[in-house]
Amino acid sequence: MQVVGRERELGRLGAALERAAAGRLSRVVVTGATGMGISTLLSELERRLVGEPGVIVARGAAVEPRSGHPYAALSAALEGPISSLPDSRLPEVLGPAADEIALLLPDMAARIRLACPMDVPMQSAPDQRRGRLVEGVLGVLGRLASGGAALLALDDLHWADPGTRAFVEFMLGLDVALPVCLVVSYHHDELDRRHPFGPVAAALAEHPSVERIELEPFRPDELLRFIEVASGERPTAGLFAAIVERSGGNPLVADQLLAARRLVPGARLSDTFDELIESRLGLLGNAAARWVRVLAAVRRPIESQSLVGMRLPDGTLTERGLPEAVECGLATQDAGRVRIAQERYAETIESLLDPIGRQAIHAAIAGRLPGPPAEQTWHWERALRLDRARDGHVAAGVAAEALDPGGTALEHYLRALELDTLERRVEHATDWRALVADRHWAAVGAAVLAGVLLWRVLRE
Ligand SMILES: Nc1ncnc2c1ncn2[C@@H]1O[C@H](COP(=O)(O)OP(=O)(O)OP(=O)(O)O)[C@@H](O)[C@H]1O
Ligand SMILES: [Mg+2]
């Protein structure tokens, strides 16, 4: 879809990139409320940079199910530019960081190890590992830029894992000549007082080296343009006023109102966001609705083939329903990967499910995902399979130690302990319920006995 407005913000991002091209590490944070258009802004920047000589783009997003996987957002960003390198360039670009990059990109590890033979396996003390990795990543970005600039864009960092959070904090204090422009983003309405990203957000807000861009709601003229682009016609004054009032200039809310109006017979603009999503979901056939519910639970782009055949309580996921799920706009498909169109939709769709149905979907996903143990574990927790989640956290902690022996591994081990305690309590509670049940029968027996005695006394 055509991007509306945001020229000033794109100009500031372009200027930061120019500073990087001149050899000065630049840092920008983009914030805004959910749906204000941060990802759209980054996509537009990326689109404008295509074919720009000397600029490479490494862009990744943090996603909630991988918030326990070390450096998940950073790995996602590096995957594109590194996997597109021919084998012959890998030794030159990865250089001494080949070992670290192989750990960050396990799907490419075999290729990297073949192209960049390492005589002695790298050994470093746990406390040095993070430093080596950060240095390695920056070295790779510098070599990738080779005379130009590298844009490292990390989106949705409110879901960042501890490693990615530490990476961003480390970048703030860095004072080196590097042709890198770091752009990070998060939604401030996702952060409560105790959110783990809070301290990083505070550092980003205060650090003198960081340029801040706050995405504001659309102005009325921008909203009007947005409606024209989205609906292909000029709105009536009444419709425009209603969308201004309901959306407050938030493009996601405005988009949702227009989609519901277009697709749902009898939709009212006064309906809540969740009611409109529920109405859109209600229009779908079973096969398509099943896809939308599963993608809402998956919460990240995924190869559709890896989900086909998944068994759910209400049937099997078949390829048949996918086109309808995409057609209705609740899911999107790009290069074989599918995802729920907006995270905000995912939250609503999941909240519409009954707990048993929601748990069954997460259990089915956890049993099928080939990904890292941290992600499977995230789904086992949502499936309320405490035993599997506890074991998963231990496995995820062990896996995390290879990359980030600090925060990530520790978080998994602590959670495993918490779940272990919780599981014992649940077992205990079950015994307690059995006891109550026994007492219940004892109480009934006692009451009957007392009744018989009373009847006898009264009769005499
Ligand atoms: N400048 C824009 N021009 C046109 N459409 C936009 C613009 N900004 C946002 N949108 C539309 O609004 C919706 C939300 O945008 P986007 O996904 O970029 O928001 P976000 O801030 O990244 O929030 P989230 O991460 O929760 O999705 C999308 O449908 C997008 O197409
Ligand atoms: Mg986004």
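Residues numbered from 1 in each chain as written. Chains lettered and ligands numbered in written order. Predicted model: local features only at pLDDT ≥ 70, side-chain atom pairs only at ≥ 80, totals over all residues. Heavy atoms only, no water.

Chemist: Just to check I follow, could you spell out the site of ligand 1 for this structure?
Modeler: With respect to spatial proximity, 20 residues lie near ligand 1, and among them Val4, Gly37, Ile38, Thr40 and Gln342 are the closest. In this structure, Gly35 approaches ligand 1 through a main-chain N or O atom, which is 3.0 Å from an oxygen atom. The side chain of His187 places a nitrogen or oxygen atom 2.9 Å from an oxygen atom of ligand 1. Coverage of ligand 1 by the protein chains reaches 90% of its 610 Å² of free accessible surface. (Near = heavy atom within 4 Å. Polar contact = N/O pair within 3.5 Å; in protein donor to acceptor, adjacent residues only side chain to side chain. Areas by Shrake-Rupley, 256 points an atom, 1.4 Å probe, with all protein chains shown as cover.)

Chemist: When you look at the packing of helix 10 (residues 220-231) against helix 12 (residues 251-263) in this model, what are you seeing that I'm missing?
Modeler: In a packed pair of helices, the relevant descriptors are the angle between the two axes and the axis-to-axis distance. Interhelical geometry of helix 10 versus helix 12 gives an angle of 40 degrees and a closest axis separation of 11 Å. The chirality of how helix 10 crosses helix 12 is right-handed. Contacts between helix 10 and helix 12 involve Leu223, Phe226, Ile227 and Ala230 on the former and, on the latter, Pro251, Ala254, Asp255, Leu258 and Arg262. Residue composition of the contact of helix 10 with helix 12, grouped by class: seven nonpolar, no polar and two charged. (Axes fitted to C-alpha atoms, helices over the stretch in contact; angles between N-to-C directions. Helix = DSSP H or I, 4+ residues; strand = E, 2+ residues; numbered from the N terminus. Left-handed = near helix turned anticlockwise from the far one by under 90°. Contact = heavy atoms within 4.5 Å. Nonpolar A, V, L, I, M, F, W, Y, C, P; charged D, E, K, R; others polar.)

Chemist: Please explain helix 14 (residues 286-298) as it appears in this structure.
Modeler: Over its 13 residues, helix 14 runs 18 Å from end to end, which matches the ideal 18 Å to within 8%, given 1.5 Å per residue. The element helix 14 is largely enclosed, with a buried count of twelve among its 13 residues. Among the residues of helix 14, Ala287, Ala288, Ala289, Arg290, Trp291, Val292, Arg293, Val294, Leu295, Ala296, Ala297 and Val298 are the ones counted as buried. One or two residues past the end of helix 14 sits Arg299, with phi positive at roughly 60 degrees. (Expected span 1.5 Å × (residues − 1). Buried < 20%, exposed > 50% of the residue type's maximum accessible area, 1.4 Å probe, protein only.)

Chemist: What should I look at first to understand the packing of helix 14 against helix 16 (residues 343-352) in this one?
Modeler: Relative orientation of the contacting elements helix 14 and helix 16 amounts to 115 degrees, with a least axis distance of 8 Å. Relative to helix 16, the element helix 14 is oriented roughly perpendicular. Judged by the twist between their axes, the crossing of helix 14 over helix 16 is left-handed. On helix 16, the residues touching Val292, Arg293, Ala296 and Ala297 of helix 14 are Ala346, Ile349 and Glu350. (Parallel < 35°, antiparallel > 145°, perpendicular 65-115°, else oblique.)

Chemist: Mind showing me how you'd approach the nonpolar core here?
Modeler: Within soluble globular proteins, side chains that are nonpolar generally end up buried alongside one another. Leu94, Ile101, Leu141, Leu154, Phe167 and Leu204 are the most contacted members of the largest nonpolar core, which has 56 residues in total. Element by element, the count of residues in this core is highest for helix 7 (residues 126-145), at eight residues. (Core = buried A, V, L, I, M, F, W, Y, C linked by side-chain atoms within 4.5 Å.)

Chemist: Where do I start with the sheet that holds strand 5 (residues 210-214) in this structure?
Modeler: Adjacent strands of a sheet pair through backbone hydrogen bonds, lying either parallel or antiparallel. In spatial order, the strands read 2-3-4-1-5; together these five strands make up an open sheet with parallel pairing. With one partner strand each, in any of the chains shown, strand 2 (55-61) and strand 5 form the two edges of the open sheet. Strand-to-strand twist in this sheet, taken as the mean axis angle between neighbours without regard to direction, amounts to 15 degrees. Summarising the sheet, strand 1 (residues 26-32) and strand 4 (residues 180-187) pair through seven bridges and their orientation is parallel. What sits directly across from Thr31, in strand 4, is Tyr186. (Pairing = 2+ DSSP bridges.)

Chemist: Just to check I follow, could you spell out the packing of aromatic side chains for this structure?
Modeler: For any pair of aromatic rings, the description rests on two quantities: the centre-to-centre distance and the angle between the ring planes. In the structure shown here, the tally under the stated rule is three aromatic pairs. Between the aromatic rings of Phe273 and Tyr345, the centroid separation amounts to 6.1 Å while the plane-to-plane angle is 40 degrees, which identifies the pairing as tilted. Of this pair, Phe273 sits in helix 13 (residues 273-282) while Tyr345 sits in helix 16, placing them 72 residues apart in sequence. Tyr345 sits in the buried class, given a relative accessible area of 3%. For the cation-ring pair, Arg344 lies above Phe273, with the distance from its terminal atom to the ring centre recorded as 4.2 Å. (Phe/Tyr/Trp six-rings, centres within 6.5 Å; stacked < 30°, edge-to-face > 60°. Lys NZ or Arg CZ within 6 Å of the ring centre and 35° of its normal.)

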